Amino acid sequence: MFKAIYNWIDERLDITPMWRDIADHEVPEHVNPAHHFSAFVYCFGGLTFFFTVIQILSGMFLTMYYVPDIQNAYYSVDYLQHQVAFGGIVRGLHHWGASLVIVMMFLHALRVFFTGSYKHPREMNWVVGMLLFFVMLGLGFTGYLLPWDNKAYFATKVGIEIASTIPWIGDDIKMLLQGGDTPGAVTLARFFAIHVFFLPGALLTLLAVHFYMIRKQGISGPL
Amino acid sequence: MDHDQQQESAHAPARRREMTRRQFLSYTLGGAGAFMVGGTILPMIRFAIDPLLAEKQQGEFVKVIEASKVTSEPQPVEFEVFTVDGWHESKRKMRAFVARGDDGRIYALSPVCKHLGCTVDWATHDPNEFFCPCHGARYTRDGEVLAVARGPLDEYEVREENGWVYLGSLKPNSRV
Ligand code: HEM
Ligand code: FES
């Protein structure tokens with residue numbers, strides 16, 4: 001049945017070569033944990049992507065109930081967590097995933113560092129990886145404000161205060177993030193926009209570049 | 001000029017100074033393209049940075065305490081300021097430490113720590129200092145920083161009228 005559908009499409013669009021190009025490639029022995037168990041360190045990149053997909057999916061579903069407004073944000077999160085079926089699970093995925101994705105990314109970066117994979121010709125991919133790192137930190141920072149409880153509010157207040165210590169442009173960055181004299185209604189709205197549109201857009205673009213370079217350059221050789 | 005010469009110049013290939021068709025097209029298409037991209041992007045950028053360029057809200061003066069009750073010991077006062085936050089208008093709760101300096105003038109300090117913005121309190125750590133519980137910043141009675149933070153506590157504009165103290169907007173510390 002599925003075979004028939006696949007063949008029907010393949011006959012018209014010749015998708016097999018495309019599919020091969022994306023998924024059908026060899027895993028060298030030195031990165032395969034089945035050969036050397038210690039090669040599990042090579043899994044962290046994929047795990048980072050796995051958690052990123054979870055973040056994006058669970059985040060998309062959270063926005064079905066979440067409202068970025070200072071009167072209602074807290075109650076919408078309270079409602080989706082306690083009244084909506086599986087709310088605790090969907091929010092839990094996003095909540096814990098936000099930390100795990102950063103842990104995985106850090107472990108992945110450590111692997112790349114200690115295997116020396118950032119060296120020629122892969123320097124650019126290290127740079128893209130660092131940009132991904134900052135985008136991810138940005139997602140964590142902007143997302144943390146969204147529940148609009150005391151912890152969220154004061155963590156953001158302090159975070160913005162830290163950003164404002166940057167020489168020369170600190171105060172402008174503060175105004176840009178905060179959107180007003182104090183963290184408030186405008187801040188919540190812009191953090192929401194940054195969290196669900198701007199940074200995910202940047203994240204997906206950078207990921208595409210990251211993966212394209214990996215396919216083009218291949219995985220780095222054994223130590 | 002004899003006949004031959006005249007023939008020569010008439011047949012010499014004309015030096016064309018106009019731009020080529022290709023140049024003309026790339027300039028016009030490039031220009032129109034840049035105009036369309038700019039026309040789309042610029043409004044969005046200006047839209048996003050509006051808070052940066054908006055005029056600062058002018059603070060009003062708020063009555064907080066009777067002048068006769070102010071001593072050399074900083075004491076906390078709570079007051080409310082009308083604030084406009086985008087489309088949201090509210091009375092925002094503020095806090096200040098009011099004291100009378102050695103010069104006899106009344107001053108009021110903001111409790112917002114100049115390290116990373118936590119709230120300082122008076123005499124919780126040392127009887128003569130402001131202390132911030134977050135990372136241990138310390139300040140003197142006048143708000144001068146002793147440890148951790150980058151600068152002195154901010155000061156409120158103070159006005160005294162009919163025996164009452166009024167506080168206005170924040171300004172950099174003028175006492176240290
Ligand atoms: C991949 C990176 C992402 C990270 C690291 C991240 C991080 C976070 C964090 C730390 C919170 C606060 C959660 C809590 O306190 O329980 C949050 C909340 C939220 N995020 Fe994300 N997020 C990501 C992607 C997304 C995307 C793609 C969307 C939507 C399209 C999204 C939508 C939301 C919403 C609606 C909330 C508020 C609900 C809540 O607090 O539970 N997130 N995010
Ligand atoms: S915020 Fe006050 S010491 Fe760090």
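In this report, we go over the structure that sits alongside the text.

The rules behind each value
- Residues numbered from 1 in each chain as written.
- Chains lettered and ligands numbered in written order.
- Predicted model: local features only at pLDDT ≥ 70, side-chain atom pairs only at ≥ 80, totals over all residues.
- Heavy atoms only, no water.
- Helix = DSSP H or I, 4+ residues; strand = E, 2+ residues; numbered from the N terminus.
- Rg over C-alpha atoms; globule rule 2.2 N^0.38 Å.
- Buried < 20%, exposed > 50% of the residue type's maximum accessible area, 1.4 Å probe, protein only.
- Contact = heavy atoms within 4.5 Å.
- Areas by Shrake-Rupley, 256 points an atom, 1.4 Å probe, with all protein chains shown as cover.
- Patch = residues over 30% accessible without salt bridge, like charges linked within 9 Å, V, L, I, M, F, W, Y side chains within 5 Å.
- Salt bridge = Lys/Arg side-chain N within 4 Å of Asp/Glu carboxyl O.
- Pairing = 2+ DSSP bridges.
- Near = heavy atom within 4 Å.
- Polar contact = N/O pair within 3.5 Å; in protein donor to acceptor, adjacent residues only side chain to side chain.
- Nonpolar A, V, L, I, M, F, W, Y, C, P; charged D, E, K, R; others polar.
- Axes fitted to C-alpha atoms, helices over the stretch in contact; angles between N-to-C directions.

### Looking at the overall build of chain B
Reasoning step 1: For chain B, the helix and strand inventory stands at three helices and ten strands.
Reasoning step 2: For 176 residues, the compact-globule formula gives about 16 Å, and the C-alpha radius of gyration of chain B, at 34 Å, lies well above that figure.
Reasoning step 3: By principal-axis analysis of the C-alpha atoms, chain B measures approximately 115 × 35 × 35 Å.
Reasoning step 4: A burial count over chain B gives 28% of its 176 residues as buried.
Reasoning step 5: Sequence-distant contacts in chain B: of pairs separated by 6 or more residues, those separated by 24 or more amount to 43%.
Reasoning step 6: When the accessible surface of chain B is split by element, carbon and sulfur atoms take 54% of a total near 12,100 Å².

### Remarks on a nonpolar patch on the surface
Residue and element names in this part refer to chain A.
Reasoning step 1: On the surface, a nonpolar cluster with roughly 970 Å² of combined accessible area is contributed by F49, V53, L57, M60, F61, M64, Y65, Y79, F211 and I214.
Reasoning step 2: Where the nonpolar patch is concerned, the elements lending two or more residues are α3 (44-62) and α9 (185-217).
Reasoning step 3: The element contributing the most residues to the nonpolar patch is α3, with five residues.
Reasoning step 4: For F49, the location among the structural elements is in helix α3.
Reasoning step 5: Overall, F49 belongs to the partly exposed group, its relative accessible area being 37%.

### Section: the sheet that holds strand β7 (residues 138-139) of chain B
Residues and elements named next belong to chain B.
Reasoning step 1: Taken in spatial order, the four strands make up an open sheet running β5-β6-β7-β8, and their pairing is antiparallel. What marks the edges here is a single partner per strand, and that holds for β5 (121-122) and β8 (145-147).
Reasoning step 2: With two bridges joining them, β7 and β8 adopt antiparallel strand pairing. Paired with Y139 across the bridge in β8 is V145.

### Re the site of ligand 1
Residue and element names in this part refer to chain A.
Reasoning step 1: Taken together, the neighbourhood of ligand 1 is formed by 21 residues, with R91, H94, H95, G143 and H195 sitting nearest.
Reasoning step 2: Measuring from a nitrogen atom of ligand 1, one finds a side-chain N or O atom of H195 at 2.8 Å.
Reasoning step 3: When contributions to the shell around ligand 1 are tallied by element, the ones reaching two or more residues are α3, α5 (87-114), α6 (123-145) and α9.
Reasoning step 4: The residue makeup of the shell around ligand 1, split by class, is twelve nonpolar, eight polar and one charged.

### Describing the interface of chain A and chain B
Reasoning step 1: Contacts between chain A and chain B engage 20 residues on the former and 14 residues on the latter.
Reasoning step 2: Linking chain A with chain B are zero salt bridges.
Reasoning step 3: Linking chain A with chain B are three residue pairs in polar contact (both at pLDDT 80 or more).
Reasoning step 4: Only α7 (150-163), α8 (170-178) and α9 of chain A provide two or more residues apiece to the side of chain A that touches chain B.
Reasoning step 5: Here the side of chain A that touches chain B is composed, by residue class, of eight nonpolar, six polar and six charged.

### Focus: the sheet that holds strand β1 (residues 62-66) of chain B
Residue and element names in this part refer to chain B.
Reasoning step 1: The strand order β1-β10-β9-β4-β3-β2 describes an open sheet built from six strands, whose pairing is antiparallel. Pairing within the sheet leaves two strands with one partner each, and these edge strands are β1 and β2 (75-85). Direction aside, neighbouring strands of the sheet carry axes that sit 40 degrees apart on average.
Reasoning step 2: Sheet topology places β1 next to strand β10 (residues 164-171); four bridges connect them, and they run antiparallel.

### Brief notes about the side chain of H94(A)
Reasoning step 1: Looking at where H94(A) falls in the secondary structure, it is placed in helix α5.
Reasoning step 2: Apart from the residues lying within four places of it in its own chain, the contact partners of H94(A) are Q55(A), S58(A), G59(A), L62(A) and H195(A).

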